[in-house]
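Below, each chain spelled out in residue letters.
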Amino acid sequence: MSIDFIEALSTDNLTAISAAPKTDVHCHSFLSTRREKAENWLGYPLIKPPFKMKGLEGMHAYIGEVLAPHLDHREGFEFIAASAINDAIQDGVVILEMSFDIRLLKFYLGGGTELRSFIEALVEQYREKIDLRPELGFARECANDPKWMKSAYEAIELDIFQSIDLYSHQEACAPEAVQSLYTNARAVGMKLKAHVGEFGGAEEVRQTVEILDLDEVQHGIAAAESVEIMQWLSENQIQLNVCPTSNVMLGGIPDLASHPIRILFDHGVPVTINTDDLMIFGQSVSEEYRNLYQAGVFSADELDNIRLASLATVGARFPRPYIKEK
Ligand SMILES: [Zn+2]
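Since we're looking at a predicted model, the values are computed, not measured. (Residues numbered from 1 in each chain as written. Predicted model: local features only at pLDDT ≥ 70, side-chain atom pairs only at ≥ 80, totals over all residues.)

S.K.: I'm lost on the overall build of the chain in this one. Help?
M.R.: Along its length, the chain carries 15 helices and eight strands. Its C-alpha atoms give the chain a radius of gyration of 18 Å, near enough to 20 Å, the size a compact globule of 326 residues would have. Principal axes of the C-alpha set define a box for the chain whose edges measure 50 × 45 × 45 Å. Across the 326 residues that make up the chain, the buried fraction comes to 45%. (Helix = DSSP H or I, 4+ residues; strand = E, 2+ residues; numbered from the N terminus. Rg over C-alpha atoms; globule rule 2.2 N^0.38 Å. Buried ≥ 20, exposed ≤ 12 C-beta atoms within 10 Å, placed from the backbone.)

Okay, here's the thing in structure tokens:
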């Protein structure tokens with residue numbers, strides 16, 4: 001038990017909360033820095049997201065209308081990725097599993113090897129301060145495009161990505177559509193994750209875990225609807241990487257106080273606390289801990305247990321620093 005972290009929560013000392021080591025294992029590089037940082041870089045303000053957006057549709061509309069016109073280019077992406085790592089370091093994040101969307105390749109005429117060089121340089125530049133573990137991000141709609149599928153298979157062979165994540169509209173593809181991609185990712189030792197159960201469907205969580213042999217689920221909060229599935233997740237130690245503010249702002253749940261992370265925790269499901277998209281949701285990992293404490297979802301002791309457990313499991317399960325020791 002870390003008295004400092006517990007005290008920091010109970011005295012609302014955000015600086016001390018930030019000083020405690022943490023993980024962030026659910027974060028998308030393209031939207032991972034604070035919006036204010038992007039505004040400073042651009043030299044002008046961006047329209048704030050509404051506090052309640054209508055699900056992924058609402059979020060994608062905001063990205064398309066407000067963020068993309070200013071930031072959807074190579075310089076924008078590279079600024080955001082580096083700035084996001086700095087934000088994470090300032091927040092006390094020591095292990096950062098950050099996803100890089102396969103479609104970022106549109107910025108790199110030199111293809112995967114050129115994107116890999118950029119990511120490798122980031123890992124190297126910050127390695128004294130943070131364990132950056134690049135993750136391959138794959139949007140479900142890309143499963144319908146042979147070009148992106150081919151790129152994803154090639155990206156797995158680049159020996160840079162330590163994990164893979166699947167996200168975006170669930171109706172765009174069934175998990176079976178990426179099953180062989182996931183088999184290949186497993187074969188090279190990657191951790192397997194997917195977004196599922198963000199908006200409903202406990203059974204869908206179990207099915208996706210089984211079909212793709214997932215190690216971890218991004219969100220997965222719908223599992224709280226089923227005691228049986230929570231027990232199954234607990235027995236199999238399938239970790240749910242939860243992003244509380246994202247769930248509230250996208251309307252997955254009505255408010256923080258009723259967040260099902262409490263139910264999941266009480267049923268022994270391993271949970272971690274993460275940011276998702278800092279540029280949109282605006283809450284660092286430390287702030288997410290503080291918010292859960294202030295909303296009465298967890299005691300300071302429980303939050304400290306979640307923090308320490310995530311450091312232990314994230315640190316222990318895949319100790320594969322991809323850069324070989326020199
Ligand atoms: Zn996400």
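The rest of the description comes next.
S.K.: Would you mind going over helix 7 (residues 146-156) with me for this structure?
M.R.: At 3.6 residues per turn, the α-helix brings residues three or four places apart onto the same side. Among the residues of helix 7, Ser-151, Ala-152, Ala-155 and Ile-156 are the ones counted as buried. An end-on view of helix 7 places all buried positions within 135° of arc, on one side of the element. For helix 7, exposure combined with an orientation more than 90 degrees from the buried face picks out Pro-146, Lys-147 and Lys-150. Where the residues of helix 7 are buried, they touch helix 6 (112-126), strand 3 (131-139) and helix 8 (179-187). (Arc of directions from axis to C-beta. Contact = placed C-beta atoms within 7 Å.)

S.K.: Help me understand unusual backbone geometry in this model?
M.R.: Backbone phi values are negative for most residues with the exception of glycine, while trans is the configuration of most peptide bonds. In this model, Asp-213 sits at a positive phi of 55°, which is unusual for a non-glycine residue. One can find Asp-213 in the loop between helix 9 (202-212) and strand 6 (216-219). Positive phi values are uncommon outside glycine, yet Asp-276 reaches one of about 75°. With respect to the element layout, Asp-276 can be found in the loop between strand 8 (271-273) and helix 13 (278-281). Judged by the 30 C-beta atoms lying within 10 Å of it, Asp-276 is buried.

S.K.: Would you mind showing me how to read the environment of Ala-309 here?
M.R.: Along the chain, the position of Ala-309 falls in helix 15 (residues 300-317). On the basis of neighbour counts, which here come to 15 C-beta atoms within 10 Å, the residue Ala-309 falls in the partly exposed class. The spacing of Ala-309 and Thr-23 is 286 residues in sequence and 10.0 Å in space, taken between C-alpha atoms.

S.K.: Please clarify how the pairing of strand 7 (residues 239-242) should be interpreted in this entry.
M.R.: On strand 7, burial covers both faces: Gln-239 and Asn-241 on one face and Leu-240 and Val-242 on the other are all buried. Regarding the hand of the β-α-β motif, the stretch spanning strand 6, helix 10 (residues 227-235) and strand 7 is right-handed. With three bridges joining them, strand 7 and strand 8 adopt parallel strand pairing. Paired with Leu-240 across the two strands is Val-271, which belongs to strand 8. (Right-handed = clockwise from strand over helix to strand, strands pointing away. Pairing = 2+ DSSP bridges.)

S.K.: Got a minute to help me understand helix 6 in this structure?
M.R.: Here helix 6 contains 15 residues, and its C-alpha end-to-end distance of 21 Å stays within 8% of the 21 Å for a straight helix at 1.5 Å per residue. Along helix 6, the residues that are buried comprise Leu-115, Ile-119 and Leu-122. Taken down its axis, helix 6 places every buried residue within 50° of arc, on the same side. Counted as exposed and oriented over 90 degrees from the buried face of helix 6: Thr-113, Glu-114, Ala-121 and Glu-124. Among the structural elements, helix 5 (74-90), strand 2 (93-101) and strand 3 are those in contact with the buried residues of helix 6. (Expected span 1.5 Å × (residues − 1).)

S.K.: Teacher, can you tell me more about the sheet that holds strand 1 (residues 22-28) here?
M.R.: Strand pairing in a sheet is mediated by backbone hydrogen bonds. Such pairs are either parallel or antiparallel. Reading across from one edge, 1-2-3-4-5-6-7-8 is the order of the eight strands in this open sheet, with parallel pairing throughout. Lying at the two open borders of the sheet, with one neighbouring strand each, are strand 1 and strand 8. With strand direction ignored, the average angle separating the axes of adjacent strands in the sheet is 25°. Along the sheet, helix 6 makes contact with strand 2 and strand 3, crossing strand 3 at roughly 155°. (Axes fitted to C-alpha atoms, helices over the stretch in contact; angles between N-to-C directions.)

S.K.: How should I be thinking about the nonpolar core in this particular structure?
M.R.: Generally speaking, a soluble globular protein has its nonpolar side chains buried in company with each other. Leu-136, Ala-223 and Leu-264 are the most contacted members of the largest nonpolar core, which totals 86 residues. In terms of residues, this core owes the most to one element, helix 5, which gives six residues. Ignoring anything within four residues of it in the chain, the contact list for Ala-223 reads Gly-197, Ala-202, Val-205, Ile-229, Met-230, Leu-233, Leu-240, Leu-264 and Val-269. (Core = buried A, V, L, I, M, F, W, Y, C linked by C-beta atoms within 7 Å.)

S.K.: Help me understand the pairing of strand 5 (residues 191-196), please; the structure alone is not making it clear to me.
M.R.: Taken residue by residue, a regular strand's side chains alternate between the two faces of the sheet. In terms of residue burial, strand 5 counts as a mostly covered element, since five of its six residues are buried. Relative to strand 5, strand 4 (residues 163-167) runs parallel, the two being bridged by two bridges. Paired with Ile-164 across the two strands is Leu-192, which belongs to strand 5. Remark: the strand 4/helix 8/strand 5 crossover connection has right-handed handedness.

S.K.: Can you help me understand the environment of Glu-176 in this one?
M.R.: For Glu-176, the position within the fold is in the loop between strand 4 and helix 8. In sequence terms Glu-176 and Thr-208 are 32 residues apart; their C-alpha atoms lie 8.7 Å from each other.

S.K.: Could you clarify how one ought to interpret the confidence of the model for the chain in this entry?
M.R.: Detailed conclusions should not be drawn from predicted coordinates in areas where pLDDT is low. For the chain, the average pLDDT comes to 95, and 97% of its residues sit at 70 or higher. pLDDT under 50 marks residues 319-326. Its contacts with residues more than four places away, or in other chains, come to seven contacts. (pLDDT = per-residue confidence, 0-100.)

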